[in-house]
Amino acid sequence: MKIDWDRRTCARKGHVTYAPDDPRLRVRLHAETALGEVWRCLRCGDFVLGEPHGSGPAADAPLVPRGKVLRDLFILRFLAIERAVRGVFIVLVAVAVWKFSNSQDAVRRLFNENLDVFRPVFRHFHYDLDHSPVVGSIQKAFGYKHSTLLLVAAVLLAYALVELVEAVGLWYAKRWAEYLTVVATAAFLPLEIYELTEHVSWLKIATLVLNILAVLYIALAKRLFGLRGGRRAFDEERHSASLLEVEESAGVKV
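Residues numbered from 1 in each chain as written. Predicted model: local features only at pLDDT ≥ 70, side-chain atom pairs only at ≥ 80, totals over all residues. Heavy atoms only, no water.

- If you look the protein up in an unreviewed UniProt entry, it shows as DUF2127 domain-containing protein from Streptomyces brasiliensis.

Take a look at the structure:
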């Protein structure tokens, strides 16, 4: 059974009605009944008994998440979840680096002891741990100074903070978060491309493609940096979209 998310939202938050000044629109969103006047909800399209919640020019109608706006919000919240997961993961990595910096010698001894245990097992599967890039990277990390590891942990925490701030802002569809996401994501694209030249993996490719699509979508769809008319065109489009989408959902051609 298909779920009507517009009506579910109205059941939870209440209907949103509006009386436009334009008589042509007003007559299509209003009706008289034996119980009194009713107005069409801007979110779900149902008629609601009672006075409208607001009135005025059609362009000033309240913007409710539905139709195209709801799709945009869904995409932003998907990106917000991805940023939040990434931010939490980076925090965990930073904590691990910080703990490692305080017990570097003990971790080195434990790693070497386990490496001696697992070396024959991996050799049985024709995998040489002594020439493994992962093992080599870990052994190289053991040579870093304590101060260097602390700096790495601090940088990781700062990066995680940016990701978490992006996540919160995108979840609430804040325009400043959209700018921050585009700038921060685009800044790391050259590094991601460079990493692909060093070692190709499906995870790196997927991450790069997702970030490129996120930058292009947010910058173009939200008209950032003056693209496609900039902020003014974005506001005009969104303010006029609500009533038009209600008419379309009701099968009325404008």
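1. Things to note about the pattern of salt bridges
Okay, so step 1: On inspection of all chains with the given rule, the structure shows six salt bridges.
Okay, so step 2: Among the ionic pairs, arginine 7 bridges to aspartate 46, the shortest N-O distance being 2.6 Å. A residue pair is termed long-range when its members are at least 10 positions apart, and arginine 7 in helix H1 (residues 5-13) and aspartate 46 in the loop between strand E3 (36-40) and strand E4 (47-49) qualify at 39 residues.
Okay, so step 3: Since its relative accessible area comes to 38%, arginine 7 is described here as partly exposed.
Okay, so step 4: On the basis of relative accessible area, aspartate 46 is assigned to the partly exposed category, the value being 27%.
Okay, so step 5: Three or more residues are tied together by salt bridges with common partners; here these are Glu82, Arg83, Arg86, Glu163 and Glu166. (Salt bridge = Lys/Arg side-chain N within 4 Å of Asp/Glu carboxyl O. Helix = DSSP H or I, 4+ residues; strand = E, 2+ residues; numbered from the N terminus. Buried < 20%, exposed > 50% of the residue type's maximum accessible area, 1.4 Å probe, protein only.)

2. Quick look at the UniProt feature "transmembrane region" (unreviewed entry) in the protein
Okay, so step 1: The positions UniProt marks with the feature "transmembrane region" (unreviewed entry) are residues 149-172 and 202-221.
Okay, so step 2: Segment residues 202-221 splits into 100% helix and 0% strand. End C-alpha atoms: 28 Å apart. (UniProt positions renumbered as here; feature names shortened; annotations may be inferred.)

3. Some thoughts on the environment of leucine 79
Okay, so step 1: As for its position among the elements, leucine 79 is in helix H3 (residues 67-102).
Okay, so step 2: For the pair leucine 79 and alanine 167, spaced 88 residues apart in the sequence, the C-alpha separation amounts to 7.3 Å.
Okay, so step 3: Ignoring sequence-local partners within four residues, the contact set of leucine 79 consists of Leu170, Ala214 and Ile218. (Contact = heavy atoms within 4.5 Å.)

4. Some points on helix H7 (residues 175-198)
Okay, so step 1: The first and last C-alpha atoms of H7 sit 36 Å apart over 24 residues, in line with the 34 Å expected at 1.5 Å per residue.
Okay, so step 2: Leucine 189 marks the point of greatest bend in H7, at about 30°, and the proline proline 190 comes within the next four residues.
Okay, so step 3: What H7 keeps buried is the set Arg175, Ala177, Glu178, Thr181, Val182, Ala184, Thr185, Leu189, Glu192 and Leu196. (Expected span 1.5 Å × (residues − 1). Bend = angle between axes of the 7 residues up to and from the residue.)

5. Description of the packing of aromatic side chains
The relation between two aromatic rings is expressed through the spacing of the ring centres and the mutual angle of the planes.
Okay, so step 1: Applying the stated criterion to the full structure yields two aromatic pairs.
Okay, so step 2: Summarising the aromatic geometry, the rings of tyrosine 159 and phenylalanine 188 are spaced 4.9 Å apart at their centres and angled 45° between planes, so their arrangement reads as tilted. Of this pair, tyrosine 159 sits in helix H6 (residues 146-171) while phenylalanine 188 sits in helix H7, and the two are 29 residues apart along the sequence.
Okay, so step 3: Between the aromatic rings of tyrosine 179 and phenylalanine 225, the centroid separation amounts to 4.9 Å while the plane-to-plane angle is 85°, which identifies the pairing as edge-to-face. Taken together, the residues span a long stretch of sequence, with tyrosine 179 in helix H7 and phenylalanine 225 in the loop between helix H8 (202-221) and helix H9 (230-249) at a distance of 46 residues.
Okay, so step 4: On the accessibility criterion, tyrosine 179 (29% relative accessible area) is partly exposed.
Okay, so step 5: A relative accessible area of 48% means that phenylalanine 225 is categorised as partly exposed. (Phe/Tyr/Trp six-rings, centres within 6.5 Å; stacked < 30°, edge-to-face > 60°.)

6. Thoughts on the packing of H7 against H8
Packed helix pairs are characterised by how far apart their axes lie and by the angle those axes make with each other.
Okay, so step 1: At a closest axis distance of 9 Å, the pairing of H7 and H8 adopts a crossing angle of 150°. The pairing of H7 with H8 is recorded here as roughly antiparallel in orientation. Between H7 and H8 lies a crossing of left-handed hand. Contact with H7, carried on its side by Glu178, Thr181, Val182, Thr185, Ala186, Leu189, Glu192, Ile193, Glu195 and Leu196, involves Lys204, Ile205, Thr207, Leu208, Asn211, Ile212, Val215, Ile218 and Ala219 of H8 and no other residues of that element.
Okay, so step 2: Here the residues of the contact of H7 with H8 are counted per class, giving 11 nonpolar, four polar and four charged. (Axes fitted to C-alpha atoms, helices over the stretch in contact; angles between N-to-C directions. Parallel < 35°, antiparallel > 145°, perpendicular 65-115°, else oblique. Left-handed = near helix turned anticlockwise from the far one by under 90°. Nonpolar A, V, L, I, M, F, W, Y, C, P; charged D, E, K, R; others polar.)

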